[in-house]
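Spelled out, the chains give:
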Amino acid sequence: MSLLAKWLRPGKDNKNATHDAESIEQQALLEQYPTLKIMQDLFADCADLIHWSWPESQLDMLYFSHLAGNEEFAREISEPFRSIAPDEMEEVLSRSQYKPALDCRSASKGILDGNVCLFHKGSAYLVSVSLPETRSISQSETETSINGPHDGFVESVLINLSLIRRRIRSTRLKALKLQVGEVSKTDVYLLYIDGLANAENVQEMKKRIELVEIDVVHDGNMLVQLIDDHPNSVFPLFQTTERTDAIASKLAGGKIVVVMDGSPSAFSAPSSFFEFFASSDDYYQRWAIGTMTRMLRFIAFVITISFTALYVSVTTFHYEMIPEDLLITITQSRSRVPFPPLYEALLMEITIELLREAGARLPTKIGQTIGIVGGIVIGQAAVQAGLTSNILIIAVASSAIASFVIPSYVMSASIRLIRFGLLLMAGLLGNFGIVMAIAIIFIHLSGLTSLKSSYLTPVAPINLKDWLDIFIRAPFSWIQERPSQTRTPNKRKTRIKQ
Amino acid sequence: MHNRLVRVAMIVILLGVLAGCGDQRILEKQGFIYSIGYDWLAKGKSAEGSVPGNKVKKDQLSVTVWLPVVSAESGRQHPLILQTVASTGKEGRFRLAKQTELSLASGQMRTALFNLQLASRGIMPYLDGFMRDPAVSQRLKIVVVDGTANEMLKKEYPSHMNTGPYIDHLLEKEVMNNRVPESTLYSFMRDYMDDGVDSVAPIIKQQGTHIEASGIALFDGDRYISRIDSDQTLIFAFLKGSFKYGEINIDLADQERKGEKAMFSSLAGNSKVKIKTLPGERLYRADISIKIHGILLEYLGDLQLNMESDKERLEKAIAAHINNEAESMVKELQKLGVDSIGIGKHVRNSLSYKEWKNIDWKAVYSNMDIRCNTKVTIQSVGKFEK
Amino acid sequence: MKEKLYPVHIAILVYMIQTGVVVFSLPRIMAEAFGYNGWLMVPVFTLIAALNIGLIAVVYRLSQGRSVFEILERSLTKIGAYPLYLVLIVVWSLLGCMVAKHYVYIFQTMAFPTMHPMLFKLLIDIVAFLLLIKGVYNISKATMSFFVLTAWMGLLLLFFVPDFEFARLTPFLLKGGTETIRGGLNGYTAFLGYELTLLLFPYVNTKKGFIKAVHAGNLLTGVLYTLYAFVAFGFYSLGQLTAFRFPMLDMLSYIRLPFVERIETLFFGFFFFTVLITIVMYIWASTEALNRMFPKAESKLLAAVLLIVIYGVSWLPDTLSKVEIWLKWLGYGQVIIAIGLPVFLILILLILRRKEQGHA
């Protein structure tokens, strides 16, 4: 019994309490006052570090040239120090852009951030000359919009912040700067609108980000998995997006947004399961069309998880469900297939997943070829060779297409995964299996929380007002309140309390 | 927390693997019985399916099934007809199952055919089996065959490759047109177990190279008693209740209008039954008021239909004609002792429970005074007025 | 942060606990027990249940939101309350488990006839366990989503409008029934489930809405049951109703849509959601009582042990009719608990109050 219980409840991992990334010696070193010697030791073997020395004015500087912009360098370094008398040095260095560095930690971080570290008579100063190369602002590849704004986030957090600030010009938009990654030291900004976001949520999110223990974080989607409530769930618990307008609307709804340097995906929290089916494009259409599209996505969700499963269940166990007119058609298409429906369906589903993955990893042009080869050639040939029935091809293809209707790529992938669970259960237990799988999914979903709020809001706990902006896209005048999930102190949308 | 979920899901799937396989009914391995036919073989007749030349020693049953089969080689569909002789329906199914490599499945059964001789001996034993079998649809059509179901299913009809769907679709259309009443397993059983109405079923007959609906079978309990011929079936529909669609040909000879004929189409209307308690022997009187309206499509006679007065005269004549027919049909039904129209429901609903339980309904019924009152409205006389 | 149950949750929870497989035989039970227009008794039952809920309301008011167990233990002492707990645990857990087995047997009349029923039962128990260990708040959340998943099925009644006939209802009121009292009791077991709200006191969010919510849930059940029964009585003739084992199941199988027909296996499957909640809540209730007896034990472990024990017990009845007999007796027991427990609690609370007043 206890064995079973133990097995059912996997033990907590013994987390390594000690962090080897920085040894104690190095810790001590970092506390010291920075001198040229110590800094050079710290950056030993960094061939790309540039050391300039002007012995006549007792000035040394360390910096990475590839992090520096030419103009900035000229303005902050070349021009002020080109022809300067040694006694004028102090005066120049007391200008506000030259910040004294008090320990090696800040000095080394400054250099890594694209500052020039100046050493003069035993004092160290930092001046920012940074202008790292970035991709220009372009449309997000994964979340395209048809008639909304086309700007997507890029890999530079400062540009992303500027994109958000340009959309929300308010002093209430606060940005907390945090850092993640023992090695990578990635900048993370936690954004919220003061007075709209729940203060507890902000504190909670801040705490979670601060407590992240990892060496390097590469992307927002990765960070999400480190800080969300249930890292083992297949469902994404915070919504990531590359669209600036989506992030702005989340902020205005009282959610917390986190943007991370080096990643074009920002994420907002808390999120509900149903939010992943909304796209900001819905708001740029007339409300009836927006509503229709939204409902279409929920239908797509049902189709994705159930079509193939129903095919398997009906052809394996419940033949009586087939209407008369379809009976012969389906039997004919099944008649030459040598496998039981479950294997047949698994074969096709896996093929589709292969095609999708191959298409995603290849350049667009080759990806298209793959699509044609896979879709037409394999599909057609499989039917003609009698490996699958064409009704199944229709079921698999429509459920695959339906899965791409879901705007969030992460969610769409999760749903495609659970589809396999349904498929297996349908193949084993028919309709009962399907229902059971749905029950398990919903039991799982009802246990999930996103930033401590129910993942199933507004269905459970129920809030019919929220349905206006979740299941349909009601006219703007109807949506008077911010989503209840955020527990915003200021529910009404139309006025902000002072 | 959620790793456990994964593990539990694994257990569930594992258990599922252990289970289930025995209950699989994979589509292409099933032989879907589309139509099943039961024929009565009286003692002493030779029957197909039994050893040739052998006379049937005792009363037996011939069971025929018609199934659409798809051959794995060509992917084409062709009909398969199996037949056997047995003493009970279940035994028949059992024997039939031995004749094919497919497992016979009754979940797609659409029509159950009973021949007249069998129907007059009672069809409940077969219906009982249908009701018990969870696979059999509640919408299974109960049909009586004039002739033998075996021959009907076996025969190849030049314009219809698939006899099963042919019969099924024919019946569906006839029901739509109110020429035969709807008779599914559900409705047959419902009326069978209701004390205020008797069941009916359509009769079909093979006529040369086609099949036609040839009337309505009247049941007393589960036994076939008599029939209503096909030219009278619409009258039956009028009596039975509301109807939406239909056509009727009327010969007004009995209304002192020799040689006058009318063809009345797009009929719709309803009938209502009112019960009055009478003093004396007959106890109750039922007034059936039938209201019909429709379009006159054909008229042979000398009334000027564009004149209101003539139209009214025609309406009256038609109403009187229908009324006559209806009343004689009711009389006939009373004589047979079958309450196929469901007068009993109305009588029951006008009585108290005690009174209803105390009367011998069948006796009261045959003795009842039932009158019809028909009103006909000609909505239009078509596009063309002369 | 401890989440509390909102009135809406309670209402839906009550509805989902009450609604179980009995719905499928309810029209037959009503027809057998009360004869013509037996459906009229369904609202009466709703009223009786509402009165019973009234008793619970009195307990709630007197207890001021304290847990029922606390009250019991205060007057009976801990040990004194144990036998009572034992009875409650046995009845509740067996009821939960027999409901599951009943569901399995009914499902097996339609599909999977050769599969071992206990294997099915095991699957259901595992799913129930998954939900059970999430605690009552998450159970209520799952309930809410299951409710949304199943609520639309009420619309299926529209399919029966064309075949519905008022004449079939007859003007006879409750005539021709047999075994009225026993049958009536059987029918009443369809309403059981509201009594579990006794255990929800400590989990309730607002003081005001709680009893109203329980009434609302009961009313929803009553309205839906009445509708189902009413439609069944007008769709089937009385004789037919009494002959069907599960009239509602046959009604489901009558539905035909253009793209699919004979959906009874799928839709009966959907009833799994409501049955699951019934099972889980009964087992949850007995785990709560069990937890009182073994306060130190982990409640998840207790739930697991309990489930395993009753899984063993559920091997005993091995046919549908045996399960129904078990369910019948357990149902009677539960009726007694549903009425007796609140009355008992009211007495205790009154005595306690008098004592307190005496001290003061």
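No experiment lies behind these values; they were computed from the predicted model shown.

Undergrad: Please give an account of helix H8 (residues 199-210) of chain A that cites residues and values.
TA: All names here are of chain A. Over its 12 residues, H8 runs 16 Å from end to end, which matches the ideal 16 Å to within 8%, given 1.5 Å per residue. Along H8, the positions that sit buried rather than exposed are Asn201, Val202, Glu204, Met205, Arg208 and Ile209. Along H8, the residues classed as buried sweep out an arc of 165° about the axis, all on the same side. For H8, the exposed residues set more than 90 degrees away from the buried face come down to Ala199 and Glu200. Residues of H8 that are buried in the fold lie against strand E6 (173-180), strand E7 (186-193), helix H9 (220-227), strand E9 (256-260) and strand E10 (266-269). For H8, the side-chain oxygen to backbone nitrogen distance between the N-cap and Glu200 is 2.7 Å, and the N-cap itself is Asn198.

Undergrad: Which residues make up the interface of chain B and chain C, and what values do they have?
TA: How large an interface is tends to be reported as the accessible area lost when its parts come together. If you look at the interface, chain B gives 36 residues, while chain C gives 40 residues. A combined buried area of about 3300 Å² lies between chain B and chain C, and 58% of that area is made up of carbon and sulfur atoms. Taken as a group, B:Arg139, B:Tyr186 and B:Tyr353 account for 21% of the area that chain B buries against chain C, more than any other trio of residues on that side. Linking chain B with chain C are two salt bridges. In this structure, the salt-bridge partner of B:Lys345 is C:Glu165, at a minimum N-O distance of 2.6 Å. Counting the contacts that link chain B with chain C gives 13 residue pairs in polar contact (both at pLDDT 80 or more). Contributions of two or more residues to the side of chain B that touches chain C are made by helix H1 (2-18), helix H7 (185-193), helix H10 (343-350) and helix H11 (353-358) of chain B. By residue number, the principal contributor to the side of chain B that touches chain C is H1(B), which donates six residues.

Undergrad: Please set out the interface of chain C and chain A residue by residue, giving values where relevant.
TA: In this complex, chain C contributes 42 residues to the contact, which on the side of chain A involves 37 residues. Of the roughly 3200 Å² buried at the junction of chain C and chain A (both faces included), carbon and sulfur atoms supply 79%. Of all residues in chain C, C:Phe112, C:Lys141 and C:Leu266 bury the most surface against chain A, accounting for 17% of the area lost on that side. Summed over the shared surface of chain C and chain A, the number is zero salt bridges. In this structure, the connection of chain C to chain A is made through four residue pairs in polar contact (both at pLDDT 80 or more).

Undergrad: So what about the packing of aromatic side chains? Which residues, and what values?
TA: In this description, a pair of aromatic rings is defined by centroid distance and the angle of the planes. Tallying each qualifying case throughout the model produces 79 aromatic pairs over all chains. Between C:Tyr311 and C:Trp315, the aromatic rings sit 6.2 Å apart at their centres with planes inclined by 80°, giving edge-to-face as the arrangement. An aromatic cluster of at least three residues, connected via ring pairs, comprises A:Phe235, A:Phe273, A:Phe274, A:Phe276, A:Phe277, A:Phe298, A:Phe301, A:Tyr455, A:Trp467 and A:Phe471. Over the ring of A:Phe476 we find A:Arg473; its NZ or CZ atom is 4.3 Å from the centre of that ring. Taking NZ or CZ as reference, B:Arg139 lies 4.2 Å from the ring centre of C:Tyr254, over its face.

Undergrad: Hey, could you go over the pattern of salt bridges for me, with residue numbers and the actual values?
TA: Two side chains bearing opposite charge may form a pair once their charged atoms approach each other closely. All names here are of chain A. Taken as a whole and assessed by the stated rule, the structure comprises 58 salt bridges over all chains. The closest approach of N and O atoms between Arg419 and Glu353, which form a salt bridge, is 3.3 Å. On the criterion of sequence distance, the pair formed by Arg419 in helix H16 (residues 409-447) and Glu353 in helix H13 (residues 341-361) is long-range, its members being 66 residues apart. According to the relative accessible area criterion, Arg419 is buried, its value standing at 2%. Owing to a relative accessible area of 17%, Glu353 belongs among the buried residues under this scheme.

Undergrad: Could you give me a rundown of the pairing of strand E8 (residues 200-207) of chain B, with the residues and numbers involved?
TA: Residue and element names in this part refer to chain B. When strand E7 (residues 141-146) meets E8, the two strands line up parallel, connected through three bridges. Looking at the pairing, Val145 lines up with Ile204 of E8. Note: E8 against strand E9 (residues 210-220), eight bridges, orientation antiparallel. By the bridge assignment for E9, Ala201 is matched with Ala217. Linking two consecutive strands that pair antiparallel, namely E8 and E9, is a turn of two residues; a positive phi of about 60° is found at Gly208 within it.

Undergrad: How would you sum up the packing of H16(A) against helix H6 (residues 135-151) of chain C? Please name residues and give values.
TA: Viewed as axis vectors pointing N to C, H16(A) and H6(C) meet at an angle of 135°, and their least axial separation amounts to 8 Å. By the angle between their directions, the pair H16(A) and H6(C) is classed as oblique. Crossing angle aside, the handedness with which H16(A) passes H6(C) is right-handed. Of the residues in H6(C), those in contact with A:Ile438, A:Ala439, A:Phe442, A:Ile443, A:Ser446 and A:Gly447 of H16(A) are C:Asn138, C:Lys141, C:Ala142, C:Ser145, C:Phe146 and C:Leu149. Residues that form the contact of H16(A) with H6(C) fall into these classes: seven nonpolar, four polar and one charged.

Undergrad: Can you break down the confidence of the model for chain C residue by residue, with the values?
TA: Residues shown with low pLDDT carry predicted positions that ought not to be read at fine detail. Residue and element names in this part refer to chain C. Averaged over chain C, the pLDDT score is 88; the fraction of residues at 70 or greater is 98%. Across chain C, helix H9 (residues 209-235) holds the top mean pLDDT of 92, while helix H7 (residues 166-169) sits lowest at 82. Both scores are available for the predicted complex, with the pTM at 0.89 and the ipTM at 0.92.

Undergrad: Residues and numbers for the side chain of C:Gln18, please.
TA: Within the secondary structure, C:Gln18 is located in helix H1 (residues 7-18). If we skip the residues at most four places from it in the chain, C:Gln18 touches C:Ala190, C:Phe191, C:Leu192, C:Gly193, C:Tyr194, C:Gly217, C:Asn218, C:Thr221 and C:Tyr225.

Undergrad: Give a description of the sheet that holds strand E6 (residues 111-115) of chain B that names residues and reports values.
TA: Residue and element names in this part refer to chain B. The sheet built from eight strands is open, its strands ordered E4-E3-E2-E6-E7-E8-E9-E10 with mixed pairing. Strands with a single pairing partner mark the edges of an open sheet, and in this sheet they are strand E4 (77-86) and strand E10 (223-229). Each strand of the sheet is rotated relative to its neighbour by a mean of 30°, with strand direction disregarded. Where strand E3 (residues 60-70) lies against E4, 10 bridges are found, and the strand directions are antiparallel. Pairing of Thr64 across the sheet is with Gln83, part of E4. In this fold helix H2 (residues 89-97) packs onto strand E2 (35-41), E3 and E4, with an angle of close to 130° to the strand it touches most, E4. The strands that helix H4 (residues 124-132) touches are E2, E3, E6 and E7; relative to E6, the one it contacts most, it runs at about 165°.

Criteria and cut-off values
- Residues numbered from 1 in each chain as written.
- Chains lettered and ligands numbered in written order.
- Predicted model: local features only at pLDDT ≥ 70, side-chain atom pairs only at ≥ 80, totals over all residues.
- Heavy atoms only, no water.
- Helix = DSSP H or I, 4+ residues; strand = E, 2+ residues; numbered from the N terminus.
- Expected span 1.5 Å × (residues − 1).
- Buried < 20%, exposed > 50% of the residue type's maximum accessible area, 1.4 Å probe, protein only.
- Arc of directions from axis to C-beta.
- Contact = heavy atoms within 4.5 Å.
- Polar contact = N/O pair within 3.5 Å; in protein donor to acceptor, adjacent residues only side chain to side chain.
- Buried area = accessible area lost by both parts, 1.4 Å probe.
- Salt bridge = Lys/Arg side-chain N within 4 Å of Asp/Glu carboxyl O.
- Phe/Tyr/Trp six-rings, centres within 6.5 Å; stacked < 30°, edge-to-face > 60°.
- Lys NZ or Arg CZ within 6 Å of the ring centre and 35° of its normal.
- Pairing = 2+ DSSP bridges.
- Axes fitted to C-alpha atoms, helices over the stretch in contact; angles between N-to-C directions.
- Parallel < 35°, antiparallel > 145°, perpendicular 65-115°, else oblique.
- Left-handed = near helix turned anticlockwise from the far one by under 90°.
- Nonpolar A, V, L, I, M, F, W, Y, C, P; charged D, E, K, R; others polar.
- pLDDT = per-residue confidence, 0-100.

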